[in-house]
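Okay, here's what each chain looks like letter by letter:
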Amino acid sequence: MQTWLIYEPPGGAARTLDDAERFVVVREGFHKLAFLAPAIWLLYRRCWMAFALYVAAEVALALVARGLELRGGSALVFALLPNLAVGFEASWLRARALERRGYSYVASVFARGREEAEAHFFTDWLADQPRETARPRPSGTPYRPAQPAFSFFPQPGAAR
């Protein structure tokens, strides 16, 4: 089971299926893509401040590695430290970026996958809304079937 964070769009959302599309669902945990390609991941997720810190950390660690005259595996470990940090903190970084853009945290959901998390959340989110009732037909005459159906209960307006 994974933890999924649900964020509501800026200004709130009406409890309709159309507004449900505007919600953002973020999975907590290690993100492999954020570890393997952190710069691309941060730019794609619009985490501008985190991208600037990532670049600064890479430059600083490269200077430290050069100053310590590290070669081979040691230099690789230094180069991968910011990647590791972004991989572990990707969900937190994305959540903070969403909050800076006006999104607000509304719930945490435990589920096996994104679809299941959305289903659990939106089932509860839409549950307290009144269901749409059937609209009356535009014509003034009520619906009557062409042929009477067999039943044990009398039809309204039918001969007894």
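Heads up: the structure comes first, above all this text.
Residues numbered from 1 in each chain as written. Predicted model: local features only at pLDDT ≥ 70, side-chain atom pairs only at ≥ 80, totals over all residues. Heavy atoms only, no water.

Colleague: So what's going on with the sheet that holds strand S3 (residues 104–111)? Residues and values would help.
Modeller: Read across the open sheet, the 3 strands follow the order S2-S1-S3; overall the sheet is antiparallel. The open sheet has two edge strands, strand S2 (24–27) and S3, and neither has a second partner. Geometrically, the sheet is characterised by an average inter-axis angle of 25° between neighbouring strands, direction not taken into account. Across 7 bridges, the pairing between strand S1 (residues 2–8) and S3 is antiparallel. From the neighbouring strand, Glu8 faces S3, where its bridge partner is Ser104. The strands touched by helix H5 (residues 73–100) are S1, S2 and S3; relative to S2, the strand with the most contacts, the crossing angle is about 155°. Helix H6 (residues 114–127) rests against S1, S2 and S3 of the sheet, and its axis sits at about 120° to S3. (Pairing = 2+ DSSP bridges. Helix = DSSP H or I, 4+ residues; strand = E, 2+ residues; numbered from the N terminus. Axes fitted to C-alpha atoms, helices over the stretch in contact; angles between N-to-C directions. Contact = heavy atoms within 4.5 Å.)

Colleague: With reference to specific residues and values, describe helix H4 (residues 48–67).
Modeller: If you check H4, its first and last C-alpha atoms are 29 Å apart, about what 20 residues at 1.5 Å a residue would give, namely 28 Å. Burial in H4 covers these residues: Ala50, Tyr54, Glu58 and Ala65. Down the axis of H4, the smallest arc covering the buried residues is 80°, so these residues share one side. Residues of H4 that are exposed and angled more than 90 degrees away from the buried face: Trp48, Met49, Leu53, Leu63, Arg66 and Gly67. At its buried positions, H4 is contacted by helix H3 (38–44) and H5. (Expected span 1.5 Å × (residues − 1). Buried < 20%, exposed > 50% of the residue type's maximum accessible area, 1.4 Å probe, protein only. Arc of directions from axis to C-beta.)

Colleague: Give me a nonpolar patch on the surface: which residues, what numbers.
Modeller: A surface patch of nonpolar side chains, amounting to about 430 Å² of accessible area, comprises Phe30, Val77, Leu81, Leu84 and Phe88. Mapped onto the fold, Val77 is located in helix H5. (Patch = residues over 30% accessible without salt bridge, like charges linked within 9 Å, V, L, I, M, F, W, Y side chains within 5 Å. Areas by Shrake-Rupley, 256 points an atom, 1.4 Å probe, with all protein chains shown as cover. Salt bridge = Lys/Arg side-chain N within 4 Å of Asp/Glu carboxyl O.)

Colleague: Tell me what's going on with the pattern of salt bridges, and back it up with residues and numbers.
Modeller: All told, the structure shown has 3 salt bridges when counted by the stated rule. One salt bridge in this structure joins Glu99 and Arg96, with 3.1 Å as the shortest N-O distance. One end of the pair, Glu99, and the other, Arg96, are both in helix H5, 3 residues apart, so they sit about a helical turn from each other. Judged by its relative accessible area of 23%, Arg96 falls in the partly exposed class. Here Glu118 makes a salt bridge to Arg114, at a shortest N to O gap of 3.3 Å. Residue Glu118 and its partner Arg114 are both found in helix H6; the two are separated by 4 residues, about one turn of the helix. Residue Arg114 is classed as partly exposed on the basis of its relative accessible area, which comes to 36%.

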